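# Structural features, examined
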Amino acid sequence: MSELAFHVEKLAPGYDLGAFDCGEPSYNQWLTDHAMQAVTAGASVVYLLLETGPKAPERVVGYFAICPTLVVRNDMPKPLQRKVLRSAPGWLLAKLALDNTRRGDKAHQWGSQLLRAALETIIGASEVGGGQIIVVDADNAGLVGWYERHGFARTGGDSLRLYMKVATARKYLGPAE
């Protein structure tokens, strides 16, 4: 059987990043030209969604990058400010991109699965190093609704920055298996 398999791994030297195409040149370029540099500098950790098959080489079909951040409580949506420190430790979901070949697959919902992997990674990191808030910059207005459907809240207006409490992410993901 020629079933494809998918798994997430940290970016390390040796991956072919050049074939990745999410349709957004700046995200493609960041992955090929800057992701390894960000990892080497300790600025962020980049995770790859890899596709493998019995007759095909391993291929990058998605990625996300996370890094620690500091969140000012008053910058957050009012409903999320309760029990948050004035300057709260948090995690920035700095990048999340899915290859064009995996978009629109309603059965697998690869974008949602990639976001789930990012949230699981952030929750794991928060259990080791703390963090109350997850921040994402949607980069364009078309993504705001998608992040809101996944539990993120925005401050309103034209802001593309969205927030989620780590505790909310735990609930969103459900009980650990």
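To be clear, the structure that these remarks concern was listed above.
Described in the following lines is the structure provided in the data block. (Residues numbered from 1 in each chain as written. Predicted model: local features only at pLDDT ≥ 70, side-chain atom pairs only at ≥ 80, totals over all residues. Heavy atoms only, no water.)

## Some details on helix H1 (residues 25–41)
Compared with an ideal rise of 1.5 Å per residue, which puts 17 residues at 24 Å, H1 spans 23 Å between its outermost C-alpha atoms and is within 8% of the ideal. Those residues of H1 that fall on the buried side of the exposure criterion are Tyr-27, Asn-28, Trp-30, Leu-31, Ala-35 and Ala-38. The secondary structure elements touched by the buried residues of H1 are strand E2 (45–53), strand E3 (56–72) and strand E4 (87–98). Once H1 finishes, Gly-42 follows within two positions and takes phi at roughly 80°, a positive value. (Helix = DSSP H or I, 4+ residues; strand = E, 2+ residues; numbered from the N terminus. Expected span 1.5 Å × (residues − 1). Buried < 20%, exposed > 50% of the residue type's maximum accessible area, 1.4 Å probe, protein only. Contact = heavy atoms within 4.5 Å.)

## Observations concerning the packing of aromatic side chains
Counted according to the given criterion, the structure contains six aromatic pairs. Taken together, a centroid distance of 5.4 Å and an interplanar angle of 70° make the contact between Phe-20 and Tyr-63 edge-to-face. Pair noted here: Phe-20 is in the loop between strand E1 (5–10) and H1 and Tyr-63 is in strand E3, with a separation of 43 residues, a long-range link. According to the relative accessible area criterion, Phe-20 is buried, its value standing at 4%. Taking the centre distance of 5.0 Å and the plane angle of 20° together, the rings of Tyr-47 and Phe-64 count as stacked. Here Phe-64 lies in strand E3 and Tyr-47 lies in strand E2, a separation of 17 residues in the sequence. A single burial state applies to Tyr-47 and to Phe-64, both of which are buried. (Phe/Tyr/Trp six-rings, centres within 6.5 Å; stacked < 30°, edge-to-face > 60°.)

## Some details on empty space enclosed by the protein
Throughout the structure, instances matching the rule amount to one cavity of 30 Å³ or more. Each pocket or cavity is described by its volume, and for the largest cavity that value is around 40 Å³. As for the largest cavity, its lining consists of Tyr-27, Leu-93, Ala-94, Lys-95, Leu-96, Val-136, Asp-137, Ala-138, Asp-139, Leu-143 and Tyr-147. Contributing elements (two or more residues each) for the lining of the largest cavity: E4, strand E5 (133–137) and helix H3 (141–149). Counting residues per element, the lining of the largest cavity draws most heavily on E4, at four residues. Residues of the lining of the largest cavity, tallied by class, amount to eight nonpolar, no polar and three charged. (1 Å grid on protein atoms, 1.4 Å probe; cavity = no way out; pocket = protein on both sides within 12 Å on 5 of 7 lines; lining within 4 Å. Points joined across faces, edges and corners; volume = space filled by probe spheres on them. Nonpolar A, V, L, I, M, F, W, Y, C, P; charged D, E, K, R; others polar.)

So far we have only geometry, and geometry alone does not tell us how the molecule works.
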